[in-house]
2 protein chains.
Amino acid sequence: MPEKTIWSEDGRVFLLDQTLLPSQRKVIEITTAGEMWQAIRALRVRGAPAIGIAAAYGVWLAVKNASDFDSIPVRQLIENACSYLATARPTAVNLFWALDRIRRLADEYGEMPGEKLKRLILDEAERMVAEDNAVCLAIGQHGAKLLKSGDRVLTHCNAGGLATAQYGTALAVVYCAVEHDGKQIEVFADETRPLLQGSRLTAWELMQAKIPVTLICDNMAGSVMRRGWVNAVIVGTDRVARNGDFANKIGTYGVAVLAREHNVPFYVAAPLSSIDVSIPDGDRIPIEERDPEEIVQMMGTQLAPPGVRVFNPAFDVTPHDLVTAFITEKGVIYPPYDRTIPELFDAPMAANA
Amino acid sequence: MPEKTIWSEDGRVFLLDQTLLPSQRKVIEITTAGEMWQAIRALRVRGAPAIGIAAAYGVWLAVKNASDFDSIPVRQLIENACSYLATARPTAVNLFWALDRIRRLADEYGEMPGEKLKRLILDEAERMVAEDNAVCLAIGQHGAKLLKSGDRVLTHCNAGGLATAQYGTALAVVYCAVEHDGKQIEVFADETRPLLQGSRLTAWELMQAKIPVTLICDNMAGSVMRRGWVNAVIVGTDRVARNGDFANKIGTYGVAVLAREHNVPFYVAAPLSSIDVSIPDGDRIPIEERDPEEIVQMMGTQLAPPGVRVFNPAFDVTPHDLVTAFITEKGVIYPPYDRTIPELFDAPMAANA
């Protein structure tokens, strides 16, 4: 099973710096909310579930050394940190979900002495880690039933252990199928330009887990599907709308179109924390655009003509009709998603929401 | 209009080293058939039409300093050079087409004195340059009629001037629409992993020509189409089968599937020299697989875990039913290709070929 990516020890917060993988495996300590904002922004920690946890820890770091004798009360520092950390990245809803949990806690216990309130924040962040592990393992076990021994799974970007506290979402399905169910599974990993999370992270963690992985460029996915080499696509998600449209790393949409073209089932591993029932469809999901230099340069080498115009969206939206099923911690759900997604939350479908 | 990519002066052969673009614009002299083989293999000269011309010049270099007083006659040197140069790359049919032209010439005039035969080879290579220019301009003019002012064209890899002697195939259409017809055209250039011909070459030559170009990663093509930003896709080809299936740079197939998904016309700029009527369909096109290091490393930087398994096909085959039309020097042809392609060669459809 994969290693931990973000955790605390005696109130100190550590994370595996994913920008340095696979060349270097380095754990760094994050000591302030500002450092955490930067770490999220720079993708030292990334993956929707992991950045939710990172944001919660970021709030803890903002108040860790505060006291009720300071000019700004702890309660206010928490609110400030939540607002600040929410600006680190716009697309993954887990960031807002985690910060909302912290805010609700602060609302509920805001009258407590600052020292106790601080402890509640740290406890909540640590609880998110524990919950994330349980959620990922449940997703893995539900999803593993969709795979048979000998299957080859194509995945895009990294929805592995490195995208969560430890176990992954899409790759938890593969890990559980292999380690729990004893199936033979191979993986095709799209390298995932521009930041190469597929080659740097997915290939790396699968090799660590001794699961056979073949690295391809993003533009080869169609070719391997056309050769009949892919039995299922499994990806993660940064935000699922109430109708099942979902955002994930740029390129996911193209993979979904190709999967349908080749009658390959297309699964989305989605913890409930990544489902945003407040938005009716994918058109409402904000899409982060990132620095053109991510495409124009690579580790300091100029790849394209200086000054070239670039479009660099970090995510795309895949419409729900391309999704065979969502794999959640509460089980696998199928269309019609405008009914099955709200049911996950034990709420009736809100026709007028 | 673009600059020359491969040419001769007083029997000396020069080419623009495309592996150094866009950082460095360097013309190198190629002095032997062995150097030309390496230059083709290493993609210093690339693009189906250009490597045909390069191969013809390679034969010239093999015999340039030979004489009838040598132990191996000029006629035999030509045959040896043709066999040797044909092994440089397997997919683009233009390589074989050009070498076949040289072989036929040698067959016809094999009894001539070596000095005269040598001169015929050089003349033939130079004729191919002149013909290529005429063919590319004709493709450009026929294709330009398919575009209207304001159109945005998406292209993959480089089928521009850099892929031919000078004017390009897919990009000749854009150049003619802009410079000849006065239309406003913008281009989306897929960067085209792993070797980035889109960012290094297509973006560069379009910027040189002052045609607005936006660089995207390959996995963003679906996203820009879904946003309604693309009016046409135009690509080149390395080999077209008799039924219209065609090979082109890896990733072309995925772009074609996405184009159909979004009702975007998908055009293939195809000189007759790239059409191989000897094969019935795309399954017979050999697909070159290249060094895994092309994906795993970038300019010496390790991008993926050392030892990772890689699949690196240089081309894919797109089935004919995804092609809206082929743009050839004889005009634009539409389905059914198993009739319209053979008609290009003024030959009846060979039902039993």
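These remarks concern the structure in this document. This structure is a prediction, so every number in the text was calculated from the model and none was measured. (Residues numbered from 1 in each chain as written. Chains lettered and ligands numbered in written order. Predicted model: local features only at pLDDT ≥ 70, side-chain atom pairs only at ≥ 80, totals over all residues. Heavy atoms only, no water.)

## Some words on the sheet that holds strand 1 (residues 6–9) of chain A
Residues and elements named next belong to chain A.
- On the basis of which strands lie adjacent, the open sheet formed by three strands has the order 1-2-3 and antiparallel pairing. What marks the edges here is a single partner per strand, and that holds for strand 1 and strand 3 (27–30). The sheet shows a mean angle of 30 degrees between the axes of neighbouring strands, taken without regard to direction.
- Both strand 2 (residues 12–16) and strand 3 contribute to a ladder of four bridges, which runs antiparallel. (Pairing = 2+ DSSP bridges. Helix = DSSP H or I, 4+ residues; strand = E, 2+ residues; numbered from the N terminus. Axes fitted to C-alpha atoms, helices over the stretch in contact; angles between N-to-C directions.)

## Concerning helix 9 (residues 252–261) of chain B
- Within helix 9 of chain B, eight of the 10 residues are buried, which leaves the element mostly enclosed by the surrounding structure.
- Burial in helix 9 of chain B covers these residues: B:T252, B:Y253, B:G254, B:V255, B:A256, B:V257, B:L258 and B:A259. (Buried < 20%, exposed > 50% of the residue type's maximum accessible area, 1.4 Å probe, protein only.)

## Considerations on the packing of helix 2 (residues 48–63) of chain B against helix 3 (residues 74–85) of chain B
All names here are of chain B.
- Packing of helix 2 against helix 3 brings their axes to within 9 Å, and their N-to-C directions diverge by 140 degrees. One element, helix 2, and the other, helix 3, form an angle in the oblique class. Remark: the crossing between helix 2 and helix 3 carries right-handed chirality. Within the contact between the two elements, helix 2 uses A55, G58, V59, A62 and V63 and helix 3 uses V74, L77, I78, A81, C82 and L85.
- Grouping the constituent residues of the contact of helix 2 with helix 3 by class yields 10 nonpolar, one polar and no charged. (Parallel < 35°, antiparallel > 145°, perpendicular 65-115°, else oblique. Left-handed = near helix turned anticlockwise from the far one by under 90°. Contact = heavy atoms within 4.5 Å. Nonpolar A, V, L, I, M, F, W, Y, C, P; charged D, E, K, R; others polar.)

## Considering the layout of surface pockets
Residues and elements named next belong to chain B.
- Its boundaries defined by the atoms lining it, the largest pocket holds a volume of some 460 Å³.
- Lining the largest pocket are 25 residues, and of these T19, L195, R200, M298 and M299 sit closest to its centre.
- For the lining of the largest pocket, the residue count by class is 11 nonpolar, seven polar and seven charged.
- Looking at the second largest pocket, its volume works out to about 350 Å³. (1 Å grid on protein atoms, 1.4 Å probe; cavity = no way out; pocket = protein on both sides within 12 Å on 5 of 7 lines; lining within 4 Å. Points joined across faces, edges and corners; volume = space filled by probe spheres on them.)

## Some thoughts on the interface of chain A and chain B
- Between chain A and chain B, the contact holds 58 residues from the first and 58 residues from the second.
- Sorting the residues of chain A by area buried against chain B places A:N219, A:R309 and A:F311 first, and these three jointly supply 15% of that buried surface.
- Summed over the shared surface of chain A and chain B, the result is six salt bridges.
- A salt bridge links A:R309 to B:E186; its shortest N-O distance comes to 3.7 Å.
- Applying the counting rule to chain A against chain B returns 21 residue pairs in polar contact (both at pLDDT 80 or more).
- Only helix 7 (197–208), strand 6 (213–216), helix 8 (221–226), helix 9 (252–261), strand 13 (301–302), strand 14 (309–310) and strand 15 (315–318) of chain A provide two or more residues apiece to the side of chain A that touches chain B.
- Looking at the side of chain A that touches chain B, the element that brings in the most residues is helix 9 of chain A, giving six residues.
- Tallied by class, the residues present in the side of chain A that touches chain B amount to 32 nonpolar, 15 polar and 11 charged. (Buried area = accessible area lost by both parts, 1.4 Å probe. Salt bridge = Lys/Arg side-chain N within 4 Å of Asp/Glu carboxyl O. Polar contact = N/O pair within 3.5 Å; in protein donor to acceptor, adjacent residues only side chain to side chain.)

## What about the relation of the copies chain A and chain B?
- Superposing chain A onto chain B takes a rotation of 180 degrees plus a shift of 0.0 Å along the axis, which leaves an RMSD of 0.0 Å. Put plainly, the chains are arranged around a two-fold axis.
- A high fraction, 100%, of the interface residues of chain A reappear at the interface in chain B, so the copies pair face to face through one surface. (Least-squares fit on C-alpha atoms with pLDDT ≥ 70 in both.)

## Quick look at the side chain of A:T328
Residues and elements named next belong to chain A.
- Assignment of secondary structure puts T328 in strand 16 (residues 325–328).
- Using a relative accessible area of 0% as the deciding quantity, one classes T328 as buried.
- At 3.0 Å, the side chain of T328 forms a polar contact with the backbone nitrogen of K330.
- A distance of 2.9 Å separates a polar side-chain atom of T328 from the backbone oxygen of G331.
- Setting aside residues no more than four positions away along its own chain, T328 makes contact with I139, H142, A270, L272 and L344.

## A closer look at the packing of helix 2 of chain B against helix 4 (residues 93–109) of chain B
Residues and elements named next belong to chain B.
- Two numbers describe how helix 2 lies on helix 4: the axes approach to 7 Å, and their chain directions differ by 35 degrees. Taken as a pair, helix 2 and helix 4 cross one another with a handedness that is right-handed. Residue-level inspection shows A48, P49, I51, G52, A55, A56 and V59 of helix 2 in contact with helix 4, the latter providing N94, L95, A98, L99 and I102.
- In terms of residue class, the contact of helix 2 with helix 4 is made up of 10 nonpolar, two polar and no charged.

## A word on the packing of aromatic side chains
- Within this structure, the stated rule accounts for 14 aromatic pairs over all chains.
- Every member of this aromatic cluster is reached through a ring pair, and the members are A:F246, A:F266, A:F326 and A:Y337.
- Seen from the ring of B:Y253, A:R226 lies directly overhead, with NZ or CZ sitting 5.3 Å from the centre.
- Over the ring of B:F315 we find B:K249; its NZ or CZ atom is 4.5 Å from the centre of that ring. (Phe/Tyr/Trp six-rings, centres within 6.5 Å; stacked < 30°, edge-to-face > 60°. Lys NZ or Arg CZ within 6 Å of the ring centre and 35° of its normal.)

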